[in-house]
Amino acid sequence: MTTVIDGKKVAASVIESVKAATRALETDAGVRAGLAVVIVGDDPASHAYVSSKSKMAKECGFLSVQHTLAEATTQEELAALVAKLNADPSIHGILVQLPLPKHLNSEPIIQSILPEKDVDGLHVVNAGKLATGDLEGGLVSCTPAGAMVFVRQTHGDDLSGLNAVVIGRSNLFGKPMSALLLAANATVTTAHSRTKDLAAVCRNADILVAAVGRPEMVKADWVKPGATVIDVGINRVPAPEKGEGKSKLVGDVAFAGAAEVAGVITPVPGGVGPMTIAMLMANTVIAAYRKAGRKPPRF
């Protein structure tokens, strides 16, 4: 029988651990974890994400600060706000919601966030620490950190002797995911759209992670029997069976077929998605513990 991972349930257990760690830090060190979220413009999807992040931060017991800036905000104004948050001792995590409006350049903004407050794990210092195997010193990008929780729950901390294939090489997910698997002693192949005979490469994977943004690209015959399949894709496709003009969310893996072959698989929606916000909260607590000179908990 294939195990379908319940991402909401796992995320809820991470959040419970975050709440406990937040209370402990406030009791022991008098420090309350603080998260600042910055959003620029009127993108409805971004506003929905930000409100859920701010709501979760409050639920975790954080000092939760939200800065909502007008569409016309200049690069200089946004940079000045980040500098102010960098200097604020009550803020341990800074998140600038992407994408920014087209007239703004996101890269210098992200790189201007202090690495120790970069709870999205996108600063080159954090990416570099992860790439060199320093998992204790930096902050790890939230989605791969969440996917790794699933991998650890299935296989334990040591992946020695296991082959892992990550389809996708983005800085946001593919590269950090490969680095995390490598740090856990897996033998890792980073595959992508130009990989020759991708299906054959995937069939060798004990752990198969799909993050390419192509709906249901990974078919059942790409999956090694009994493999762990982590689907990071979120694609909206037409769903005429639901009625005219209707759509549905699917992953990068053709779930129904793959679920008959895999040992463990994540669904879309309800798999990796809920973990992203949970790991953002975990990163904020980790940052607060480090600032207080305390050893952070592991999530």
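Our subject is the structure that appears above.
Heads up: these notes are all about the structure in this document. Bear in mind the structure is a predicted one, so any value in this text is a computation, not a measurement.

**Structural notes on the overall build of the chain**
Stage number 1. Along its length, the chain carries 10 helices and 11 strands.
Stage number 2. Computed over its C-alpha atoms, the radius of gyration of the chain comes to 19 Å, within 12% of the 19 Å expected for a compact globule of 299 residues.
Stage number 3. Principal axes of the C-alpha set define a box for the chain whose edges measure 55 × 45 × 30 Å.
Stage number 4. The buried share of the chain, taken over its 299 residues, is 47%.
Stage number 5. By element, 55% of the accessible surface of the chain is carried by carbon and sulfur atoms, the whole surface being about 14,000 Å².

**Some words on the sheet that holds strand β6 (residues 187–191)**
Stage number 1. Reading across the sheet, the 6 strands line up as β1-β11-β8-β7-β5-β6 and stay open at both edges, with parallel pairing between neighbours. Only two strands of the sheet have a single neighbouring strand rather than two, namely β1 (3–4) and β6.
Stage number 2. Here 5 bridges tie strand β5 (residues 163–167) to β6, and the two strands are oriented parallel to one another. Across the sheet, residue Asn163 finds its bridge partner in β6, namely Thr187.
Stage number 3. Of the strands in this sheet, β7 (207–210), β8 (228–231) and β11 (264–265) touch helix α6 (residues 142–155), which is tilted by about 165° from β8.
Stage number 4. Contacts between helix α7 (residues 174–183) and the sheet are confined to β5, β6 and β7, with β5 contributing the most and set at about 170° to the helix.

**Quick notes on the sheet that holds strand β4 (residues 93–96)**
Stage number 1. Here we have 3 strands laid out as an open sheet, ordered β3-β2-β4, and parallel in their pairing. At either margin of the open sheet sits one strand with a lone partner, and together these are β3 (63–69) and β4. The sheet shows a mean angle of 15° between the axes of neighbouring strands, taken without regard to direction.
Stage number 2. Sheet topology note: the strand β2 (residues 34–40)/β4 ladder contains 4 bridges and is parallel. Counterpart to Val38 in the pairing with β4 is Val96.

**What about the pattern of salt bridges?**
Stage number 1. Counted under the stated rule, the structure contains 6 salt bridges.
Stage number 2. For Asp157, the salt bridge identified is with Arg298, shortest N-O distance 3.2 Å. Of this pair, Asp157 sits in the loop between α6 and β5 while Arg298 sits in the segment after α10 (273–291); the two residues are 141 residues apart in sequence, bridging distant segments of the chain.
Stage number 3. Between Lys224 and Asp206 there is a salt bridge, with the nearest N and O atoms lying 2.7 Å from each other. Of this pair, Lys224 sits in the loop between β7 and β8 while Asp206 sits in the loop between α8 (198–202) and β7, and the two are 18 residues apart along the sequence.
Stage number 4. With relative accessibility at 16%, the residue Asp206 sits in the buried group.
Stage number 5. The network of salt bridges with common partners includes Glu16, Lys19 and Glu59.

**Points about unusual backbone geometry**
Stage number 1. Note the cis peptide between Leu98 and Pro99, where omega equals 0°.
Stage number 2. Mapped onto the elements, Pro99 comes out in the loop between β4 and α4 (106–112).
Stage number 3. The peptide bond linking Val268 to Pro269 adopts the cis configuration, its omega dihedral lying at -5°.
Stage number 4. Checked against the element boundaries, Pro269 lands in the loop between β11 and α10.
Stage number 5. Notably, Asp197 is not glycine yet its phi reads approximately 50°, a positive angle.
Stage number 6. Looking at the element boundaries, Asp197 is found in the loop between β6 and α8.
Stage number 7. For Glu216, which is not glycine, the phi torsion reads 50° and is therefore positive.
Stage number 8. Structurally, Glu216 can be placed in the loop between β7 and β8.
Stage number 9. The exposure class assigned to Glu216 is partly exposed, which follows from its relative accessible area of 32%.

**Brief notes about the nonpolar core**
Stage number 1. Counting residues in hydrophobic clusters, the biggest one holds 58 residues, and the most contacted among them are Leu181 and Met281.
Stage number 2. Looking at this core, the elements with two or more residues in it are α1 (7–29), β2, α2 (44–59), α6, β5, α7, β7 and α10.
Stage number 3. When residues of this core are assigned to their parent elements, the largest contribution, 10 residues, is made by α10.
Stage number 4. Residue contacts for Met281: discarding those within four places in its chain leaves Ile15, Val18, Leu35, Lys53, Met56, Ala57, Cys60 and Phe62.
Stage number 5. Grouped together as the second largest cluster of nonpolar side chains are 20 residues, Leu208, Trp222, Val223 and Ile265 included.

**Considering α6**
For the α-helix, the turn length of 3.6 residues means that residues three or four positions removed from each other point alike.
Stage number 1. Between its terminal C-alpha atoms α6 stretches 20 Å, which fits the 20 Å expected from 14 residues at 1.5 Å a residue.
Stage number 2. Looking at the buried side of α6, the elements it contacts are α1, α7, β7, β8 and α10.
Stage number 3. Gly156 sits one or two positions beyond α6 and adopts a positive phi of about 85°.

Each value, and the rule that gives it
- Per chain, residue numbering runs from 1 following the sequence as it is written.
- At least 70 in pLDDT is required for a residue's local features to be given in this predicted model, at least 80 for side-chain atom pairs to be given and counted, and no such filter applies to totals for whole chains, interfaces and linings, which use all residues.
- Just so you know, side-chain values use all the structure's heavy atoms and leave hydrogens and water out.
- Under the scheme used here, helices are H or I runs from DSSP no shorter than 4 residues and strands are E runs no shorter than 2 residues, and both carry numbers assigned from the N terminus.
- Note on method: radius of gyration uses C-alpha positions; expected globular size equals 2.2 Å times residues raised to 0.38.
- Throughout, exposure labels follow a simple rule: accessible area from a 1.4 Å probe, protein chains only, divided by the maximum for the residue type, with under 20% read as buried, over 50% as exposed, and the rest as partly exposed.
- Surface accessibility follows the Shrake-Rupley procedure with a 1.4 Å probe radius. Residue values consider only the protein chains on display as shielding.
- Any two strands are treated as partners once DSSP identifies two or more bridges connecting them.
- Contacts are residue-level and defined by heavy atoms, with any inter-residue pair within 4.5 Å sufficient.
- Where helices are involved, their axes are fitted lines through C-alpha atoms of the stretch in contact, as for all axes, and angles between N-to-C directions lie from 0 to 180°.
- Any carboxyl oxygen of Asp or Glu within 4 Å of a side-chain nitrogen of Lys or Arg constitutes a salt bridge here.
- The definition of a nonpolar core used throughout is a set of buried Ala, Val, Leu, Ile, Met, Phe, Trp, Tyr and Cys residues joined through side-chain atoms within 4.5 Å.
- Expected span of a helix, by definition, is 1.5 Å for each gap between consecutive residues, and there is one gap fewer than residues.

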